[in-house]
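Topology and contacts: notes
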Amino acid sequence: MPGKIEKKHPPRRLSIQVKLNAMVICSILLVAAGLMMISYYVFCQRVDDKYNDSLHRAAEACANNVDYETLAYFWSKIDTEEFREVHERAAEANDETPIADWMNSQPGWYAADDDNEASAGEIWSLMDDYELVLSGLIAIKEYFETDSAYYQYCKGDVTYNIADPDEGLLYIGTIEEPVAEFADYPGNTAVPPIVYHSDFGWLLTVIEPVIDLETLEPVAVAGVDLNMTDIVRERYSFLWQSLAFVGVLLVITITSGIVVLQRSAVDPLQRLAKAAAGFANEERAFTKNDVIELDIRNNDEIGDLYHEIRSMESRIVDYTEHLTQVTSERERVRSELRTASQIQEAMLPSIFPAFPDRDDFDLYASMTPAKEVGGYFYDFFLVDDTHLALLIADVSD
């Protein structure tokens, strides 16, 4: 059909329904993930702060409540070749008796101090110093509910064990396995709360130095451990329970969001697009009955779009009717002018030669109007055998 404009639509990749649903799902997932991360972080932070503070106070209590002179003296006695020989024999026999006998034979700090005279009949041995140190650790361990409390001494990169109420006499003087998480902290210094994985599971450890109040130099370090395996499991349990709860909530929220979005936006737009396409695809004269009529009650931009399309289609119908009327009238006038032109042409001589029996002259005439009908007329005839009459007329106004 001449003059018809073909509509070319670009290939559709994703419908607006898919895009809107994807946007809703992604937005909800992002919000849920953010809330999950925040809640898990807050939960872990509170748990960490609780146990870190408690364990830090326990380590400070171990470092401050011990008699640093007794601890320094005890370490000086076991850091000798004599004790190492005794310890080696006991370790080979897997028997603590040689160590116990040796410690009972050695004078304790109070007995060795000239300023502290033992009571009559009382002998204060190194074993008494050891048990005194252990009793302090046990009291602090029970009070703060820690899993272990101990004293150690660091010499260079080597850490020696001094006392631990959970270990026997064979523990004294042994070398502690290095912990990679403590590598950045030099010996006999404070170590902040650190969680790491060990042979006993996840441990939270805090270390505080035992300071000589006269020289202000560390004589040992006090450490406390808390088994975090159950706490880490509680974290994971909280995380999985939260994920399950959020997952159920996400399913409900996403389903509700898609349903609401489908009913409030996607369905009206799809019906509106289908109706508008049906109106545009008609190849006939439009009437008021062709204007779309849908049950769209949205009081939003979709409702505005619906009413605007209705108004536009109404204007198209009015314009089409007016154009049809004008075209019909113009065709009628054109037909009348064509008829008038034919009448005018019929009134003019059109057969030539006009006088075929005369050869003494030739005559030809024509009239070409500027428009459909002209205002000029002509005629010619013989008055007699020697006179020719020519008639030319101009109709004006």
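Please read all numbers here as calculations on a predicted model, not as lab measurements.

Assigned secondary structure in the protein consists of eight helices and seven strands. Nonlocal contacts in the protein, meaning residues at least 24 apart in sequence, comprise 56% of its contacts between residues at least 6 apart.

Side chains of Ile38, Tyr41 and Val42 sit close together on the surface and give an oily, nonpolar patch of about 310 Å² of accessible area. Examined against the element boundaries, Ile38 turns out to sit in helix H1 (residues 16-65). A relative accessible area of 54% places Ile38 in the exposed class.

For the rest of this paragraph, the subject is the packing of helix H2 (residues 68-78) against helix H6 (residues 126-144). At a minimum axis distance of 10 Å, the contact between H2 and H6 shows a crossing angle of 130 degrees. Between H2 and H6, the angle is such that the two are oblique. The chirality of how H2 crosses H6 is left-handed. Taken together, the residues of H6 that come into contact with H2 (itself represented by Thr70, Leu71, Tyr73, Phe74 and Lys77) are Leu126, Asp129, Tyr130 and Val133. Here the residues of the contact of H2 with H6 sort into six nonpolar, one polar and two charged.

This next bit is on H6. Over its 19 residues, H6 extends 27 Å from the first C-alpha to the last, a length consistent with the 27 Å expected when each residue adds 1.5 Å. Positive backbone phi, at 55 degrees, marks Glu145, one or two positions downstream of H6.

Right, let's talk about the packing of aromatic side chains for a bit. Within this structure, the stated rule accounts for seven aromatic pairs. Taking the centre distance of 5.9 Å and the plane angle of 55 degrees together, the rings of Tyr73 and Trp109 count as tilted. Pair noted here: Tyr73 is in helix H2 and Trp109 is in helix H5 (residues 109-112), with a separation of 36 residues, a long-range link. Seen from their ring centres, Trp75 and Tyr160 are 5.6 Å apart, and the 45 degrees between their planes marks the pair as tilted. Here Trp75, found in helix H2, pairs with Tyr160, found in strand E2 (residues 158-163); they are 85 residues apart in sequence, far enough to count as distant. Site record: aromatic cluster; members linked through ring pairs are Trp75, Tyr153 and Tyr160.

In this section: the packing of helix H4 (residues 97-105) against H6. Where H4 meets H6, the closest approach of the two axes is 5 Å, and the angle between their N-to-C directions is 105 degrees. In this view, H4 runs roughly perpendicular relative to H6, as classed from their interaxial angle. Where H4 abuts H6, its residues Ala100, Trp102, Met103 and Asn104 lie against Leu126, Met127 and Tyr130. Partitioning the contact of H4 with H6 into residue classes produces six nonpolar, one polar and no charged.

With respect to the helices and strands, the residue His87 is situated in helix H3 (residues 81-93). Using a relative accessible area of 15% as the deciding quantity, one classes His87 as buried. The residues touching His87, leaving out its near neighbours within four places in the chain, are Ile99, Leu169, Leu170, Ile172 and Thr174.

One pass over the full model with this rule turns up seven salt bridges. With a shortest N-O distance of 2.2 Å, Glu329 and Arg332 are connected by a salt bridge. Here Arg332 and Glu329 lie together in helix H8 (residues 301-347), a separation of three residues that amounts to about one turn. Overall, Glu329 belongs to the partly exposed group, its relative accessible area being 40%. Of the residues examined, Arg332 reaches a relative accessible area of 39% and is grouped as partly exposed. Through salt bridges with shared partners, a single network forms among Asp79, Glu81, Arg84 and Lys155.

Within the secondary structure layout, Arg315 lies in helix H8. Linking Arg315 and Val291, residues 24 residues apart in sequence, is a C-alpha distance of 9.8 Å.

Attention now goes to the pairing of E2. Across the six residues of E2, five count as buried, placing the element largely inside the fold. Relative to E2, strand E1 (residues 148-155) runs antiparallel, the two being bridged by five bridges. Residue pairing for E2: Lys155 is matched across the bridge by Val158.

Looking now at a negative patch on the surface. Together, Glu82, Glu85, Glu88 and Glu92 line one region of the surface with negative charge. The residue Glu82 is located in helix H3 in this model. Judged by its relative accessible area of 43%, Glu82 falls in the partly exposed class.

On to the confidence of the model for the protein. In low-pLDDT regions, the fine details of the predicted coordinates are not to be read closely. In the predicted model, the protein carries a mean pLDDT of 81, and the fraction of residues at 70 or more is 89%. Contacts from residues 117-121, a stretch scored under 50 in pLDDT, to residues over four places away or in other chains number zero contacts.

Glancing now at the nonpolar core. Core analysis: the biggest nonpolar cluster contains 49 residues, and Met103, Tyr130, Tyr151, Ile162 and Val210 have the highest contact counts within it. Broken down by element, this core gets its largest block of residues, eight residues, from H6. One finds Ile28, Met36, Leu250 and Ile302 within the second-largest nonpolar core, a separate group that totals 16 residues.

Calculation rules
Residues numbered from 1 in each chain as written. Predicted model: local features only at pLDDT ≥ 70, side-chain atom pairs only at ≥ 80, totals over all residues. Heavy atoms only, no water. Helix = DSSP H or I, 4+ residues; strand = E, 2+ residues; numbered from the N terminus. Contact = heavy atoms within 4.5 Å. Patch = residues over 30% accessible without salt bridge, like charges linked within 9 Å, V, L, I, M, F, W, Y side chains within 5 Å. Areas by Shrake-Rupley, 256 points an atom, 1.4 Å probe, with all protein chains shown as cover. Salt bridge = Lys/Arg side-chain N within 4 Å of Asp/Glu carboxyl O. Buried < 20%, exposed > 50% of the residue type's maximum accessible area, 1.4 Å probe, protein only. Axes fitted to C-alpha atoms, helices over the stretch in contact; angles between N-to-C directions. Parallel < 35°, antiparallel > 145°, perpendicular 65-115°, else oblique. Left-handed = near helix turned anticlockwise from the far one by under 90°. Nonpolar A, V, L, I, M, F, W, Y, C, P; charged D, E, K, R; others polar. Expected span 1.5 Å × (residues − 1). Phe/Tyr/Trp six-rings, centres within 6.5 Å; stacked < 30°, edge-to-face > 60°. Pairing = 2+ DSSP bridges. Lys, Arg positive; Asp, Glu negative; His and termini not counted. Charge placed at Lys NZ, Arg CZ, Asp CG, Glu CD. pLDDT = per-residue confidence, 0-100. Core = buried A, V, L, I, M, F, W, Y, C linked by side-chain atoms within 4.5 Å.

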